[in-house]
Structure formats: structure tokens, C-alpha cells
Amino acid sequence: MDRPLPEKVRRRVVALTGDALGGLTLAELPAPLRQYARFTPQRRTKFGGNAMAAELEGDAVFRQRIAARFRERFPELAGALEESGPPPAADPVDVAALAYVLRPAGWAKLVAAAGEEAQRAQAERAGEEAQRELARLREELAQARAAARADSEEARTELDALRRELDSTHRKLRSAQSDVRRGEAEVRKIRAELESVRHAASAEKAAADGEVRRLKSRLAEAESALESGRRAAREGRSVEDMRVRLLLDTVLDAAQGLRRELALPPAATRPADTVDAVEPGQMTPKDVAARALSDTDPALLDQLLALPQAHLVVDGYNVTKTGYPALPLEKQRLRLLGGLAILAAQSGAEVTCVFDGAELAAPVLLAPPRGVRVLFSKPGQTADELIRRLVRAEPPGRPVVVVSSDREVADGCAAAGARPVASSLLLNRLART
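Values in this document were obtained by computation on a predicted structure and should not be read as measured data.

Calculation notes
- Residues numbered from 1 in each chain as written.
- Predicted model: local features only at pLDDT ≥ 70, side-chain atom pairs only at ≥ 80, totals over all residues.
- Heavy atoms only, no water.
- Axes fitted to C-alpha atoms, helices over the stretch in contact; angles between N-to-C directions.
- Helix = DSSP H or I, 4+ residues; strand = E, 2+ residues; numbered from the N terminus.
- Parallel < 35°, antiparallel > 145°, perpendicular 65-115°, else oblique.
- Left-handed = near helix turned anticlockwise from the far one by under 90°.
- Contact = heavy atoms within 4.5 Å.
- Nonpolar A, V, L, I, M, F, W, Y, C, P; charged D, E, K, R; others polar.
- Expected span 1.5 Å × (residues − 1).
- Buried < 20%, exposed > 50% of the residue type's maximum accessible area, 1.4 Å probe, protein only.
- Arc of directions from axis to C-beta.
- Pairing = 2+ DSSP bridges.
- Phe/Tyr/Trp six-rings, centres within 6.5 Å; stacked < 30°, edge-to-face > 60°.
- Lys NZ or Arg CZ within 6 Å of the ring centre and 35° of its normal.
- Salt bridge = Lys/Arg side-chain N within 4 Å of Asp/Glu carboxyl O.
- Core = buried A, V, L, I, M, F, W, Y, C linked by side-chain atoms within 4.5 Å.

Comments concerning the packing of helix H11 (residues 383-393) against helix H12 (residues 407-415)
The geometry of a pair of packed helices is captured by two quantities: the angle between their axes and the separation between those axes. Taken N-terminus to C-terminus, the directions of H11 and H12 make an angle of 15°; their axes are 10 Å apart at the nearest point. Judged on the interaxial angle alone, H12 and H11 are roughly parallel. Of the two possible hands of crossing, H11 and H12 adopt the one that is right-handed. In contact with Asp384, Ile387, Arg388 and Val391 of H11, H12 contributes Glu408, Val409, Gly412 and Cys413. Taken together, the residues that form the contact of H11 with H12 break down as four nonpolar, one polar and three charged.

This is the structure we're talking about:
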């Protein structure tokens, strides 16, 4: 053959070969086709079509075996091909397929003629299908045109209705816009009137608020002045009463202590009492200093605190930074106040501990121990100033002992009538407890 098999002829040859392949044994099959022997005819055609076409073309023995199967299946058509030619009514594709396998005389022409006939029939069928498709498309086009004309008429009708509706809407919109403009003008006028009323009300309210604030300020000043007068009267009266009462208690305790020390029996006034003579005087903190005791002897502090109504004032941080400066301030305060509580319980003296509070960012949360008054200086004031104020607040004649190693504090307290002692004396006394 001078040209390839027509595609329809080739497919027919492969399909017939796949059907005939099941009648051969494995020994009769070429090696490349043995793997398709157990397949169904359709699977053989699908997966082994190329291999079967190649073996038919290249293996003459295999082609003769397939030809024998074709003679058994198509005896009349095969006989006609080998003897006189194909019958006129036979399918040209079947004729070409059997001619290709049987290879009778002039088989190549038969295959070519069958291929041309198949192509011509296919072209005729394609033409008929094209004519039918063309007729169908023409009919659809006519229907589409009719539908388009109907849709166009309907669209024109709707467009006219929409135009009329749009004109009506435009007229309504212009009327509504004019109403809106009139309403906006009214609103602007009302807003202007409202704004003027607001300004007037704000001015009246501001004037009223100013008058109220002035009256409240005057009332607060009057109340403050009244309260200050009352507080000053109460404080003056209470402070003077407290100073007189404390001085009276001091004199009474000193007289009782002197009576006990001299063992004076109670006696009525005697003539000898009128005789001018030297009488024993009251012991003061300055008299205690005359005794032969060291300035750091704890016994000296015990003698001072044994005086009637003695008041011990302690410069807190001066003592703690002398005795235990390595501890944090909180632990320094707790340690000192614990020792002072024991000392107050043992001596019965009034004990006041003063700390410098000028650098505190917040109040100190501290529960003072029993018998010890704890005070912190106010902002802008030092503990030294607070100690001097405490000493000056005491009445003259009351024994006041100030514990501080600060020379300025000691001199100021001594000038006010108190007895200053060093911090080491208190530390030695607390260490003994």
C-alpha cells in the first residue's frame, strides 16, 4: 500500500482481530500479544490495538491465523473476495478490513477503494447532517428573530411607560426639592433663634454660677473661720489644761517620791516648821548627771526614767543608724520600737519615738507597740524640729530625756530644759533587756 489504512478500516481490523484473538492458544499468539489473551475483546481493542496492528503488518503467520478465523466468521464475504470480488451490497469497511487480513489478489486496491467509499459515505453523511443542522439553525434563527421582535416591542412599550413614570417622578422630585429648600430655610431660622436663646441662657447661667460660687466661697470662708476659732479655743483650753494637769501630777509624784525617800511620817504643822532652814530640794535630770556614772552606763538611763512623770523622747533614725545601719529602714524601725516597748513596760515612763518622714512617698503602715508613741515629721519638717517642738510643749519642771547623738539636737533640747543623752546609752540599755 502506498498510503496508511483509513482510520475507520484500521479500527475495524483491530476490533475483528480482538474478537478472533480469544480463539487462539497462547502458543499461537505472538509474544507481545500474550498479555492481552485473558482480556475481554473490548479491553484488547482498547489496550492492545497498536500491538495487534503491528503484529498483523509484520507477522505473516499470525495474520494467516487471524485470516482463518475471519473465513470461519465471514465465509460468504471471504469467499467472494478470494474468488470474484466483493458483493455490491457489502459494507465497504468490512470489505477493506477482510481484504487487508486475507490479502487476496488486488487487495490493496480493494482497501483503497473501500477507504474512498467509506470517506465518501462519511462525507455524504456529514453533508446530510450539515444540511439538517443548517435547517435547524435557520429555524432557530427565525424563532430567535421573532422572539427578538416581540421582545423589542415589549421593551419599547416598557420604555415608554418608564419614560412617562420618570417624567412624573422628576416633577415630584422638583416639588419635593422646593419643599426641602423651604424646610431648610425654616430650620436655619429656628436654629438661629435657638442659638441666640442658648447664648442668653448660657450667659445667665454663667452669671448665676459665678454668684453661687462667690456665695459658697464666702460661706466656706465663714465656716472655716468659725471652725478655726472653735478649734483654737478648744486646743488652747485643752493644751493649757493638759500642761497644768501634767505639771500638777509631776509635782505630786515628786512630793510623794521625796516623802518615801526621806521616810517622812505624816505630821501636823509644828512650831519648828516656821524656823528658817535648808530643806531638801526636788531631784531633776541635771542632779542625776552629777553622780559618778559613765555617759554610756545603762544605769544612768534607768535613774533618769525613775524620776516622776519622766518623758523619754527618742530620735529614731539617729539611734537605728548608730546601732544597726545595715538593716532596711522598716526592720530598723521594728527592732527599735520592740525594744522601746519593753523599756516602757519596765520603767513606766512616757516614751515617744520620732522618725523623719520628709522623704516618704506614702504613709507608713505601722502598728505602734503598747506604751510607745510613734510620730513622723510632716513634709517640709525634719525630725529634729519635731523633737524640739515636743520638748517646748512640756511644762517647765517635768523631767524630759532626749536620746540623740546629733549635737545640734542635744544643744537645742538642753536649752529648752531637757536632758540629752547619747544614742549609745539607749542601745546599751536595750541590749541589756
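Quick word on helix H3 (residues 60-73)
Each α-helix turn comprises 3.6 residues. Residues three or four places apart therefore point the same way. For H3, with 14 residues, the first-to-last C-alpha span of 20 Å sits near the 20 Å given by 1.5 Å per residue. Among the residues of H3, Phe62, Arg63, Ile66, Ala67 and Phe70 are the ones counted as buried. Summarising the axial view, the buried residues of H3 lie within an arc of 140°, below the 170-degree limit, and thus occupy one face. Counted as exposed and oriented over 90 degrees from the buried face of H3: Gln64 and Glu72.

Let's talk about the sheet that holds strand E1 (residues 311-315)
Strands in a sheet are paired, the pairing made by backbone hydrogen bonds, and the direction either parallel or antiparallel. Here we have five strands laid out as an open sheet, ordered E3-E2-E1-E4-E5, and parallel in their pairing. Taken across any chain shown, the strands that pair with only one partner, and hence form the sheet edges, are strand E3 (372-376) and strand E5 (419-421). Across the sheet, the mean angle from the axis of one strand to that of its neighbour is 20°, orientation sign disregarded. For E1 and strand E4 (residues 400-403), the ladder comprises four bridges, and the chain directions are parallel. Paired with His311 across the bridge in E4 is Val400.

Here we look at the environment of Arg38
In this fold, Arg38 is placed in the loop between helix H1 (7-21) and helix H2 (41-58). With 17 residues separating them in the primary sequence, Arg38 and Leu21 have C-alpha atoms 9.6 Å apart.

Considerations on the packing of aromatic side chains
One pass over the structure, following the stated rule, counts three aromatic pairs. Taken together, a centroid distance of 6.3 Å and an interplanar angle of 80° make the contact between Phe39 and Phe47 edge-to-face. The exposure class assigned to Phe47 is partly exposed, which follows from its relative accessible area of 45%. Among the aromatic residues, ring-to-ring pairing joins Tyr317, Phe355 and Phe376 into one connected group. A cation over a ring is seen here: Arg43 above Phe39, with NZ or CZ 4.6 Å from the ring centre. When the ring centre of Tyr317 is taken as reference, the NZ or CZ atom of Lys321 above it lies at 5.6 Å.

Comments concerning the pattern of salt bridges
Evaluated as defined, the whole model comprises 13 salt bridges. Across the pair Asp179 and Arg182 runs a salt bridge whose closest N-O atoms are separated by 2.0 Å. Residue Asp179 and its partner Arg182 are both found in helix H6 (residues 107-262); the two are separated by three residues, about one turn of the helix. Asp179 sits in the partly exposed class, given a relative accessible area of 38%. Among the ionic pairs, Asp302 bridges to Arg432, the shortest N-O distance being 2.4 Å. Separated by 130 residues along the polypeptide, Asp302 in helix H8 (residues 298-305) and Arg432 in helix H13 (residues 423-432) bring together distant segments of the chain. The exposure class assigned to Asp302 is partly exposed, which follows from its relative accessible area of 24%.

Let's talk about the nonpolar core
With 30 residues, the main nonpolar core has Phe62, Ile66 and Leu98 as its most contacted residues. Listing elements by their share of this core, those giving two or more residues are H1, H2, H3, helix H4 (75-83), helix H5 (92-102) and H6. If one sorts the elements of this core by residue count, H5 sits on top with eight residues. Excluding residues within four positions of it along the chain, Phe62 makes contact with Thr17, Leu21, Leu24, Glu28, Leu29, Pro30, Leu33, Met52, Glu55 and Leu56. With 29 residues, the next largest nonpolar core counts Leu300, Leu301, Leu340 and Val421 among its residues.

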